Amino acid sequence: MSVFVEFHGEIAVVTLDNPPVNALGQAVRQGLLDAVNQIAQAPRLSAVVLRGKGGSFCAGADVREFDADPTLPFLPDVLNAIEGSSYPWIAAIDGFALGGGLELALACHYRIAHHGATIGFPEVKLGVIPGAGGTVRLPRLIPADRALAMIAEGDMISAHEAYASGIVSEVVVGDLINAAFNLAEKVCEHALPIPLSQRDPVEAGTPVALKLQKDRIRRRARGQIAPAVAADVLETSISEAADVAFQAERASFLKLKSGAQAAALRHIFFAERASGRIARAKGAKPRPLRHIGVVGGGTMGAGIAVACLLSGLAVTLAERDADALEAGLDRISTELHEAYRRGKLDRDSLQVAQEDLRGTTSFAGFADCDLVIEAVFEDMDAKKQVFAELDLHVRDDAVLATNTSYLDVDEIAAATQTPSRVIGLHFFSPAHIMKLLEVVVSENASAEVLATGLSLGQRLKKTIAASGVCEGFIGNRVMSAYRREADYLIEDGALPEEVDKAMVDFGFPMGIFAMQDLAGLDIAWAMRRRRAAERPEQERYVAIADRLCEAGRLGRKAGKGWYDYTVSKTGTPDPEVTKLIHAESQQKGIHRRSFSSAEIMERLLSAMQTEGLSLVEDGIAASTNVVDVVMVNGYGFPRWRGGPMFMMVRS
Ligand code: NAI
């Protein structure tokens, strides 16, 4: 049974029982409606407590039903029936109240939450908006600007934030059901509160402020339509009667749900659930993780350390000497304070994190570590030396991981006596913020070691993509391919600012040339020089980036790169670069021609797709879905387009 009703004296307890997260599938909706009817016939009742079984109230709609037409009973009708009950319903929220789950709570007359609960309207992340009264009831409970932020941005909030906003009336530290019973006894003495859908909207900010907020939402959505639709629907909700608002919401929800963007977002949602599966690790038990070692406290090492500390793991950082160690520890400490400033951790947790951080200049300091991640310079000899030495100092059962961007993980593993304990864990910069983690499956890694790598990724709340060993793994291999295509484009007639504009208009946060300036042009330049001898003569080679580097234009940090940063911080196109590009084209006898944004994107996408297919053919990516997950989570590919491979299948 998906919903069951028990009577405790005059209190009815309605329990959602649909593991794992009590999603509102057809059986649950029907069960809730039956419960309303059963309760209506109960002889003596004072209140109803609604709860979820298994530690979570309700995580919303059943996404698997999204591809089909809605089936009866519809959620809005079920919620209206609850709201119209003649007994007060109390939502006792623990775990998650998300999407339809939060709409269910809003249809109840009272809401309390366990202190660990999380609530929110993540619908926009699936390309839709709440479709069962969320946009109608929320702005009748809390101010419209706050409601709009929650709905259009899709961010989750904690029980404490929900209390501060007025969404729940109590945060419970002890037994939630006890607290719900206490509340039931109190409220049954009062008249039933006016249901939210019959109230006036809560006084919001000025129309001008709302307009500014809407503009901001539209800008941030970068082409995704659901957030803008949410803003429009919310405006209707606060300016019209509730029944008009309900209709507007439902119509928009159904239209979005059957649209291309929602299909793309569902694709990536399901792809992410499978992209971290590694057949060889199946059934293996991960080793426990408490203490992580990090070698190298530069950009990546510091970020990785912060990610681990924020997840409650102890970290020991190793650096080459005392000065480098101090600099690395400072970097980590600064980021921890930044996380505190942004409310990502409280004062006590900040203190714990700082106490959990240690530094060493000798690998002997790793004796107690369960897993050590190497993030030293991108140099094979340096990495081999580090691994050979690490192997001698860590526990026999410790896992060793490299964060290399391009190098051969099997070759690195071979520098140890025990290659079966070595894997790749490729983080993205900044490592404590970027969601993606490529887990690189080395040839000899044991199932247990792979399972442990995956478990670290889960602990750090990363989106995991499993990759085989090859140069650049999945992401950097695809990026190298479309960067090469972008180079061809500028030699053939486009300008960097035109390529970047096409990418930004498509939905990327920035274009490939601006991104290179941000990362610095020197590392790729060094790599090209190292490989110059191996480059096949017949291969087309674009030397424009080399010319920039030779002129000292190494990117933002040098004030100039593809763009000029001396005039404005965000960079302006530079006639000098244009001249240089024209000269290179001319030297190769290329007749430059203009490219439309559509042509530019077609060529870049085609390069991504060709490389994506070859990654699957080579057995590096388990499926094209994994390529999409990597591009969306690590390279700024617009999520609402579903990824380059999804676009290929759909076109
Ligand atoms: P970085 O140059 O900022 O930091 C490297 C650090 O390693 C330096 O602090 C250096 O003192 C330390 N180090 C060097 N040899 C050492 C040794 N034997 N023992 C202890 N410490 C040592 O480099 P970054 O950018 O952090 O890159 C590190 C690794 O991460 C490279 O393999 C890179 O390819 C990879 N990576 C870099 C990304 C990025 O965006 N920067 C993204 C993903 C991976």
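Residues numbered from 1 in each chain as written. Predicted model: local features only at pLDDT ≥ 70, side-chain atom pairs only at ≥ 80, totals over all residues. Heavy atoms only, no water.

**Student:** Sorry, what's going on with the site of the ligand here?
**Tutor:** Near the ligand there are 20 residues, and of these M300, E319, E378, K383 and S405 occur at the shortest range. In the model, an oxygen atom of the ligand is placed 2.9 Å from a nitrogen or oxygen of the N403 side chain. The fraction of the free accessible surface of the ligand (840 Å²) that becomes covered by protein chains is 76%. At the level of secondary structure, the elements contributing two or more residues to the shell around the ligand comprise α12 (299–310), α15 (380–393) and β15 (422–427). Taken together, the residues of the shell around the ligand break down into eight nonpolar, eight polar and four charged. (Near = heavy atom within 4 Å. Polar contact = N/O pair within 3.5 Å; in protein donor to acceptor, adjacent residues only side chain to side chain. Areas by Shrake-Rupley, 256 points an atom, 1.4 Å probe, with all protein chains shown as cover. Helix = DSSP H or I, 4+ residues; strand = E, 2+ residues; numbered from the N terminus. Nonpolar A, V, L, I, M, F, W, Y, C, P; charged D, E, K, R; others polar.)

**Student:** What should I look at first to understand the pairing of β15 in this one?
**Tutor:** Taken residue by residue, a regular strand's side chains alternate between the two faces of the sheet. Across the six residues of β15, six count as buried, placing the element largely inside the fold. Residues V422, G424 and H426 point to one face of β15 and I423, L425 and F427 to the other, with burial holding for every one of them. Examined bridge by bridge, strand β14 (residues 399–402) and β15 share three bridges and lie parallel to one another. Following the sheet pairing, T402 is matched in β15 by G424. (Buried < 20%, exposed > 50% of the residue type's maximum accessible area, 1.4 Å probe, protein only. Pairing = 2+ DSSP bridges.)

**Student:** In this structure, what is going on with the domain arrangement of the chain? I would like to understand it.
**Tutor:** By a widely used convention, the size of an interface equals the accessible area lost when the partners come together. By the assigned domains, the chain splits into domain 1 (3–258), domain 2 (284–467) and domain 3 (475–619). Each of domain 2 and domain 3 was reduced to a C-alpha centroid, and the two centroids are 31 Å apart. Every contact between the two is made by five residues of domain 2 and, on the other side, seven residues of domain 3. Between domain 2 and domain 3, a total of about 450 Å² is buried, with carbon and sulfur atoms accounting for 46% of that surface. When the buried area of domain 2 at its contact with domain 3 is split by residue, E378, Y406 and E438 rank highest and sum to 77% of it. There are zero salt bridges connecting domain 2 and domain 3. (Domains from an automatic or database assignment. Contact = heavy atoms within 4.5 Å. Buried area = accessible area lost by both parts, 1.4 Å probe. Salt bridge = Lys/Arg side-chain N within 4 Å of Asp/Glu carboxyl O.)

**Student:** Sorry, what's going on with the environment of L106 here?
**Tutor:** Here L106 is to be found in helix α3 (residues 100–107). Sequence separation between L106 and R137 is 31 residues; the distance between their C-alpha atoms is 6.6 Å. Filtering out sequence-adjacent residues up to four positions away, L106 remains in contact with R111, F121, R137, L138, L141 and L196.

**Student:** Hey, could you run me through the side chain of E123 in this one?
**Tutor:** On the secondary structure map, E123 appears in the loop between β7 (118–120) and α4 (134–137). For the buried residue E123, which engages in no salt bridge, the nearest side chain bearing the opposite charge is R250, 9.6 Å off. Beyond its immediate sequence surroundings of up to four residues, E123 is in contact with G99, G100, E103, V128, I129 and P130. (Lys, Arg positive; Asp, Glu negative; His and termini not counted.)

**Student:** Mind showing me how you'd approach helix α13 (residues 322–341) here?
**Tutor:** Each α-helix winds once per 3.6 residues, and so residues spaced three or four apart point in a common direction. Helix length check: α13, at 20 residues, gives a terminal C-alpha distance of 28 Å against a target of 28 Å (1.5 Å per residue), a fit within 8%. Those residues of α13 that sit buried are L325, G328, I332, L336 and A339. Looking straight down α13, one finds that the buried residues subtend no more than 75° of arc, so they occupy a single side. Among the exposed residues of α13, those oriented more than 90 degrees off its buried face are D323, E326, T334 and R341. Elements that come into contact with the buried residues of α13 comprise α12, β11 (314–318), α14 (347–355) and β12 (357–360). You can read the cap of α13 off the contacts: a side-chain oxygen lies 3.2 Å from the backbone nitrogen of D323, and it is on D321. Where α13 terminates, the next one or two residues include G343, which has phi positive at roughly 80°. (Expected span 1.5 Å × (residues − 1). Arc of directions from axis to C-beta.)

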